[in-house]
Structures are given as C-alpha cells and as structure tokens.
Amino acid sequence: MILFICNTPFQLFNAIRIKTTIYINETADIILSNHSKVDIYRKSLCDSGIFQHVYSASSLKLARNFFSWPDHKKGKAFNNSRKYLKNIFLPCREYNTIFFANIDGFTSLLFRYCVTEGFKTQFSYYEDGWSSYIIDLEKYSLSPYEKYYSEILNQKILQTNIKDIWLYDKRLYCLSPKIPIESIPQIDIYDNQFKKLINRVFIYRDNNEYHCKHIFLEEAFNEDGYYNNDLQIIKTIKNYVGENNFIVKRHPRLSADRYIGTGIKTSSDTRIPWEVLILNMNSPDMILYTISSNACLTPAIVFNIEIPIFYFRSVLRGNVSHTYRLKEFDVFLQKYKSLYGKDTFFEITSLGQYPAFYTKYFYYTQKKALRKYLLTEDKNSENCSFCSY
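This structure is a prediction, so every number in the text was calculated from the model and none was measured.

I'm lost on a nonpolar patch on the surface in this one. Help?
Side chains of Tyr148, Ile152 and Leu153 sit close together on the surface and give an oily, nonpolar patch of about 300 Å² of accessible area. Secondary-structure assignment places Tyr148 in helix 7 (residues 144-152).

This is the structure in structure tokens:
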C-alpha cells in the first residue's frame, strides 16, 4: 500500500499521475496538508475513488519551524516523533512506500516514526517543479545536528534514506544521481480519459479567460517579502501586445488589487492549477511571459508541448530571491533550452530588448509555417532550398 503527501495542487496533480499509471493496480492513500488551498479538492478527490483514504493534516507549522529548532528540541522530536505527530497525522497502517515532494519537519518526523515503529516503509521523492531538478536531497536542510544524529549516533534520517526520485524528464536533472531516478510518464493532452479524471478532481469549467494569445504567469513576490519592478515589466508587455489580447494569470496567494487602474486583465479564478488549464487547451496557441515562474516550463516538461516563452528574470530589479543566483538554476535552464527551447525560449536582459526578440520569434513562426506548408504540398521535395533551413 502507498501513501502520498501533497502540499500543493501541482503535487496533487502529480500524485494522481503516478497513481493512475505506475501504481494503477495498487491501493493508495493520500494526505492533503494545509500548506495551500489543496484541501478544497478533498470532496471531489474522495468522490473520484482514485485513493482509498483521503486524509487532512495541519502540518504547516511543524513543516516550517522544525529546522530552526534548537538541537535539544530536535533531538526530543527525533526520539519521540509520535508525540509531535499525534495531533497532525499518525499512520494507522504500515505503507510500502510514502511519496513526498518536500523535505520538511513533517516528513522528517514521519520518517523517524516509521523507523521507530519498525516499519519497512520506503520514502520516494516526486516532482515539485524545476527545484526538483537542482536540489541535492541528501544535503537539504542538513544541519550539523542532523549530521551528528545520523553519523555519530548512527540513527536514520530522511535525507540519507530516500529510495528514489520520480521526475517527468530525468534528462534535466542537474546533479550526479546518487539516488536512482525514475520517470513519471509525460501526459498526452489528447488523453481524454486522464483529462476527464483530472477535470473531475479539480472541478474544471472553461470560462474562456485563457483564450488570449499572450499570458503572463505571475509570482508571489510581494507575499514572500520581495519587492521589485515586476508590475512595470507586465505593463511594458501589455502596452506592446495590446490589452485586448493579454491576461495575467494571477498567483493564488495574491489579490488583483495592484492591477486596479492599469488596464491589465487578470484571471478571476486562481483555484484551477495551470497544468489543468494546459491539459484542456488541446492545441495551445499562446505565448507565455514570466519572471521565473515554474509554470512556464511545465507545458514542455509535463506535456512535451513546446510553447514560446519570454523570460524576464534578468530584467527584475529590487529585492529578489536568492534562487536567481543559484548556479544549478542556470545549468537547469541551459538544459531546458537545449531540449525544448532552442527556438522558442527567449531570455530578455532589458525591457528595450523585448520588441526585437518578439520580432525574431514572429519571423521564426512564419518560416516554420511556410516550411510545414511546403512539406505538405510536396513530401518528396527533399532538395527544396527552403526546407534546408
């Protein structure tokens, strides 16, 4: 029997994918935490019958605070995990495998609980966006105390006992794989059976909001304490492409207040995950814009669909996340561009540069369309000079 821990809608989406493909014949339970609004899908998930039991767990406080605890408190928690988990979640059975997507206080103590109970449960990590491809799980949040507890006291901890890693495209993994990497099957957007199941769980209804050509994927900078010029970047794009064909997909944790009076159209329903929207677009004809949102990469990584992306990470000014300075992040982007975005991924370094890159993309699409037309007209025209471009 299997257990999935889900903290976000994207994790729930991925858990469903793994369960309905790799483990289609095995019984599984799932935990929906209070980290985000993922619990709003509890009823529809129960009704779908994908999982035998759907549990709720208020694990956010423990997850956030655990690694900042003093050593003596961590030691007590490691040695008496039942006490710290009893009001959150205690397994009522022994699971063969527990799937998790975040190393935090909850998963760390859940691992320790399984060890002290003598369970033979194995822990598997599954995809949570681009960070899954650059994080060294064996060293993640590994303080001197965790190392002492593991190496000196010879006690098992989660970081050094991960069975395997499950990713949609393991070619993008940026570290030397000490842990075995397994593949989550990429999704065919024409798989109507999977689409029907996902739409039922996420209560999807098409409201025509994303029929615009140009979509900006917002990030929760302000909510996370980062104040910068992202709104200026959004205004620049809107002014260039026209407000009638442009929409901002709002981040679920941000309100639309800052867009009042700007003429910028924003999505009204932030409840539906981006991956569910992509799945229902059939033949996505759009251009994506973002500062650095993981969501712009999932069409390619999850669905193997190449959608043009204008990436404004280098234009961001002000208080920004340390993520932008990670060498592993740059390596990941280079791998992504070589596999998916040779002609469709444009990293903008200045706002003044954007129109030129857009023009370059426009001519690329015209050339691609013409080549497709010529090949359709004469499939034997291998010597056609245009087709050699």
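Past the structure itself, the notes keep going.
What should I look at first to understand the nonpolar core in this one?
One broad trend across soluble globular proteins is that nonpolar side chains are buried collectively. Counting 105 residues, the largest nonpolar core has Phe4, Leu12, Phe13, Ile16, Ile30, Leu45 and Trp274 as the members making the most contacts within it. Beyond its immediate stretch of four places on either side in the chain, Trp274 contacts Ile215, Leu217, Lys249, Met281, Met286, Leu288, Ala295, Thr298 and Pro299. Core analysis: the second largest hydrophobic core is formed by 25 residues, Ile234, Val241, Leu316 and Leu351 among them.

I would appreciate a short explanation of the sheet that holds strand 12 (residues 345-347) in the present structure.
Note: strands within a sheet are paired through backbone hydrogen bonds, in either parallel or antiparallel orientation. The sheet built from five strands is open, its strands ordered 9-8-10-11-12 with parallel pairing. Where the open sheet ends on each side, the last strands, each with one partner, are strand 9 (246-249) and strand 12. Put simply, the sheet's adjacent strands are angled 20° from each other on average, direction ignored. Of the strands in this sheet, strand 8 (214-217), strand 9 and strand 10 (287-290) touch helix 9 (residues 230-241), which is tilted by about 155° from strand 9. Sheet strands touched by helix 12 (residues 327-339): strand 11 (309-311) and strand 12. Its angle to strand 12, the strand with the most contacts, is close to 145°.

Even after reading the chapter, I still don't get the packing of helix 4 (residues 71-79) against helix 7, so can you show me in this structure?
The relative placement of two packed helices comes down to the angle between their axes together with the axis-to-axis distance. Packing of helix 4 against helix 7 leaves a shortest axis separation of 10 Å and a crossing angle of 45°. Classed by the angle they form, the pair helix 4 and helix 7 counts as oblique. With respect to the hand of their crossing, helix 4 and helix 7 are arranged in right-handed fashion. Every residue of helix 7 that contacts helix 4 at Asp71, Lys74, Gly75, Phe78 and Asn79 is listed here: Tyr145, Glu146 and Tyr149. Its residues placed into classes, the contact of helix 4 with helix 7 shows three nonpolar, two polar and three charged.

What should I look at first to understand helix 7 in this one?
In an α-helix there are 3.6 residues to a turn, and that puts residues three or four apart on one side. Taken together, the buried positions of helix 7 are Tyr145, Glu146, Tyr149 and Ser150. Within helix 7, the buried residues cover an arc of 130° as seen down the axis, which keeps them to one side. Structural note: helix 7 exposes Pro144, Glu151 and Ile152 on the side pointing more than 90 degrees away from its buried face. Each element contacted by the buried residues of helix 7 is listed here: helix 4 and helix 6 (105-116).

Just checking my understanding: could you explain the packing of aromatic side chains for this structure?
Given two aromatic rings, their pairing is described by the distance between the two centres and the angle made by the two planes. Under the counting rule described, the total for this entry stands at 33 aromatic pairs. Look at Tyr23 and Phe99: their rings are 5.7 Å apart centre to centre, the planes differ by 70°, and that puts the pair in the edge-to-face class. With Tyr23 in the loop between helix 1 (9-21) and strand 2 (28-33) and Phe99 in strand 4 (residues 97-100), this pair connects stretches of sequence that are 76 residues apart. Phe99 carries the same exposure label as Tyr23, and that label is buried. For the pair Tyr336 and Tyr340, a centre-to-centre distance of 5.5 Å together with 40° between the ring planes defines the contact as tilted.

Got a minute to help me understand the packing of helix 1 against helix 8 (residues 192-201) in this structure?
For the pair helix 1 and helix 8, the least separation of the axes is 11 Å and the interaxial angle reads 140°. In terms of orientation, helix 1 and helix 8 fall into the oblique class. You can see that helix 1 and helix 8 cross each other, and the crossing is right-handed. Between helix 1, through Leu12, Phe13, Ile16, Arg17 and Thr20, and helix 8, the contact on the second element is made entirely by Phe194, Leu197, Ile198 and Val201. Here the residues of the contact of helix 1 with helix 8 sort into seven nonpolar, one polar and one charged.

Would you mind going over the side chain of Gln11 with me for this structure?
By the element assignment, Gln11 lies in helix 1. The contact partners of Gln11, leaving out residues within four places of it in the chain, are Ile5, Cys6, Ala101, Asn102, Tyr126 and Asp128.

What is the right way to read the sheet that holds strand 6 (residues 162-167) from this model?
Overall, parallel pairing links the seven strands, which are arranged 3-2-1-4-5-6-7 in an open sheet. What marks the edges here is a single partner per strand, and that holds for strand 3 (54-57) and strand 7 (181-183). On average, each strand axis in the sheet is inclined to that of its neighbour by 25°, with strand direction left out of account. Helix 1 contacts strand 1 (2-6), strand 2, strand 4 and strand 5 (122-126) of the sheet and is inclined by roughly 160° relative to strand 1. Strands strand 1, strand 2, strand 4 and strand 5 of the sheet are contacted by helix 6, whose axis makes an angle of about 160° with strand 5.

Definitions and cut-offs
Residues numbered from 1 in each chain as written. Predicted model: local features only at pLDDT ≥ 70, side-chain atom pairs only at ≥ 80, totals over all residues. Heavy atoms only, no water. Patch = residues over 30% accessible without salt bridge, like charges linked within 9 Å, V, L, I, M, F, W, Y side chains within 5 Å. Areas by Shrake-Rupley, 256 points an atom, 1.4 Å probe, with all protein chains shown as cover. Salt bridge = Lys/Arg side-chain N within 4 Å of Asp/Glu carboxyl O. Helix = DSSP H or I, 4+ residues; strand = E, 2+ residues; numbered from the N terminus. Core = buried A, V, L, I, M, F, W, Y, C linked by side-chain atoms within 4.5 Å. Buried < 20%, exposed > 50% of the residue type's maximum accessible area, 1.4 Å probe, protein only. Contact = heavy atoms within 4.5 Å. Pairing = 2+ DSSP bridges. Axes fitted to C-alpha atoms, helices over the stretch in contact; angles between N-to-C directions. Parallel < 35°, antiparallel > 145°, perpendicular 65-115°, else oblique. Left-handed = near helix turned anticlockwise from the far one by under 90°. Nonpolar A, V, L, I, M, F, W, Y, C, P; charged D, E, K, R; others polar. Arc of directions from axis to C-beta. Phe/Tyr/Trp six-rings, centres within 6.5 Å; stacked < 30°, edge-to-face > 60°.

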